[in-house]
Amino acid sequence: MTYPGPVVSADWLKDHLADPNVVIVDGTVHLADTGRNAKEEYAAAHIPGALFFDLDIIADPDNPRPRKIPSRARFIDEVGKLGIAAGQHIVVYDVPGLYSAARVWWLFRQFGYDNVSVLDGGMVAWKAAGGALETGVIERSATVFAPGESRDLLALAPDVLERSNAGQQIIDARTAGRWAGTETDRYPGARAGHIPNSLNLYWANLLDPQARTFLPDAEIDAKFREAGLDLDQPVTISCGSGLTACILALALHRLGRDDWQVYDGSWDEWGRNHDLPVAVKGEVQ
């Protein structure tokens, strides 16, 4: 099968639902303040044949912040336990439309596996296209997952601090109010504001508000430029906890721009660490 690209439509997935080389995974995450349980919702209704890709498990168990990037060995082991083999085409979706699925895409690419796509519009688009649903938990026999060489798509706090001090490009995917420090942050204990010298582009502004699918590439390009981003220069992408930053990464990848890294800790880490500087309404505190 020819690689269909990093984003596929619901119609494409319907046409390939029975393809034994296509593996569908539900990568839904619901944050604690929503009161929702993604794994329970998956068991109640998912795209036929979909596995549950648990971002709370396929993560670093020793990091106090949730869903942080696992070691390469842990990632390979957990993906193998799901029954995914190298060479298969992975299609990842989430229930809100596009929220956490891009995080799964980013993890696979970070660890050297490119044969993965995100379902544009996720469950929202699937239902709108009349796609079938099933209940229960899908389990496959464990296999050996062997990706290629890891990439360098990860930024850590020291990297971000150095880039912030140097005035290098950083873009924050949170709402404008959370970035400015005028809106209460959803992570208790995190300070208000943003990483000094960072730009802001709310991730949802890249999506159609009803269909939850990506806007056309030309409009996405314009959104980045309007936010002040120089698409010809490297950029570090941050958000609240490392989930929605990956949406901006996926959008840049669609535009053929791959000189970026995702700050895994994002505001959940930076905002709590009082040794790191914070800007509120442009003033560093």
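Source: prediction; values computed, not measured.

Conventions used here
- Residues numbered from 1 in each chain as written.
- Predicted model: local features only at pLDDT ≥ 70, side-chain atom pairs only at ≥ 80, totals over all residues.
- Heavy atoms only, no water.
- Pairing = 2+ DSSP bridges.
- Helix = DSSP H or I, 4+ residues; strand = E, 2+ residues; numbered from the N terminus.
- Phe/Tyr/Trp six-rings, centres within 6.5 Å; stacked < 30°, edge-to-face > 60°.
- Buried < 20%, exposed > 50% of the residue type's maximum accessible area, 1.4 Å probe, protein only.
- Contact = heavy atoms within 4.5 Å.
- Polar contact = N/O pair within 3.5 Å; in protein donor to acceptor, adjacent residues only side chain to side chain.
- Axes fitted to C-alpha atoms, helices over the stretch in contact; angles between N-to-C directions.
- Parallel < 35°, antiparallel > 145°, perpendicular 65-115°, else oblique.
- Left-handed = near helix turned anticlockwise from the far one by under 90°.
- Nonpolar A, V, L, I, M, F, W, Y, C, P; charged D, E, K, R; others polar.

### Let's talk about the sheet that holds strand E5 (residues 116-119)
What the five strands build is an open sheet, ordered E1-E5-E4-E2-E3; its pairing is parallel. Every other strand in the sheet has two partners, leaving strand E1 (7-8) and strand E3 (51-52) as the edge strands with one partner each. Of the strand pairs in this sheet, strand E2 (residues 22-26) and strand E4 (residues 89-93) are connected by five bridges, and their pairing is parallel. Following the sheet pairing, Val23 is matched in E4 by Ile90.

### Describing the packing of aromatic side chains
Taken as a whole, this structure holds twelve aromatic pairs when the rule is applied. With a centroid separation of 5.9 Å and an interplanar angle of 55 degrees, the aromatic rings of Phe108 and Tyr113 are classed as tilted. With a relative accessible area of 0%, Phe108 lands in the buried category. An aromatic cluster is present here, built from Phe53, Phe75, Phe108, Phe111, Tyr113 and Phe145 joined pairwise through their rings.

### Regarding the environment of Phe145
Summarising the element assignment, Phe145 is placed in the loop between helix H5 (122-128) and strand E6 (154-155). Between the C-alpha atom of Phe145 and that of Leu82, which follows or precedes it by 63 residues, the distance is 9.5 Å. Residues in contact with Phe145, not counting those within four places in the same chain, are Phe75, Ile76, Val79, Gly80, Ile84, Ala85, Ala86, Phe108 and Tyr113.

### Considerations on the pairing of strand E10 (residues 260-263)
The alternating pattern of E10 places Trp260 and Val262 and Gln261 and Tyr263 on opposite faces, both of which are buried. Examined bridge by bridge, E6 and E10 share two bridges and lie parallel to one another. Residue pairing across strands places Leu154 opposite Val262, the latter belonging to E10.

### Concerning the side chain of Gln169
For Gln169, the position within the fold is in the loop between helix H6 (157-165) and strand E7 (170-172). Only 3.4 Å separates the side chain of Gln169 from the backbone oxygen of Gln233, close enough to count as a polar contact. Here the side chain of Gln169 touches Pro234 through a polar contact of 3.1 Å, landing on its backbone oxygen. With near-sequence residues (within four places) excluded, Gln169 lies in contact with Gly228, Leu229, Asp230, Gln233, Pro234, Val235 and Thr236.

### Topic: the packing of helix H8 (residues 217-226) against helix H9 (residues 245-254)
H9 packs onto H8 with a crossing angle of 120 degrees between their chain directions and a minimal axis gap of 10 Å. The orientation of H8 with respect to H9, classified from their angle, is oblique. Viewed along their axes, H8 and H9 form a crossing whose handedness is left-handed. Judged by residue contacts, Asp217, Ile220 and Phe224 of H8 engage Leu248, Ala251, Leu252 and Arg254 from H9. Residues that form the contact of H8 with H9 fall into these classes: five nonpolar, no polar and two charged.

Coordinates in, geometry out; function isn't part of it.
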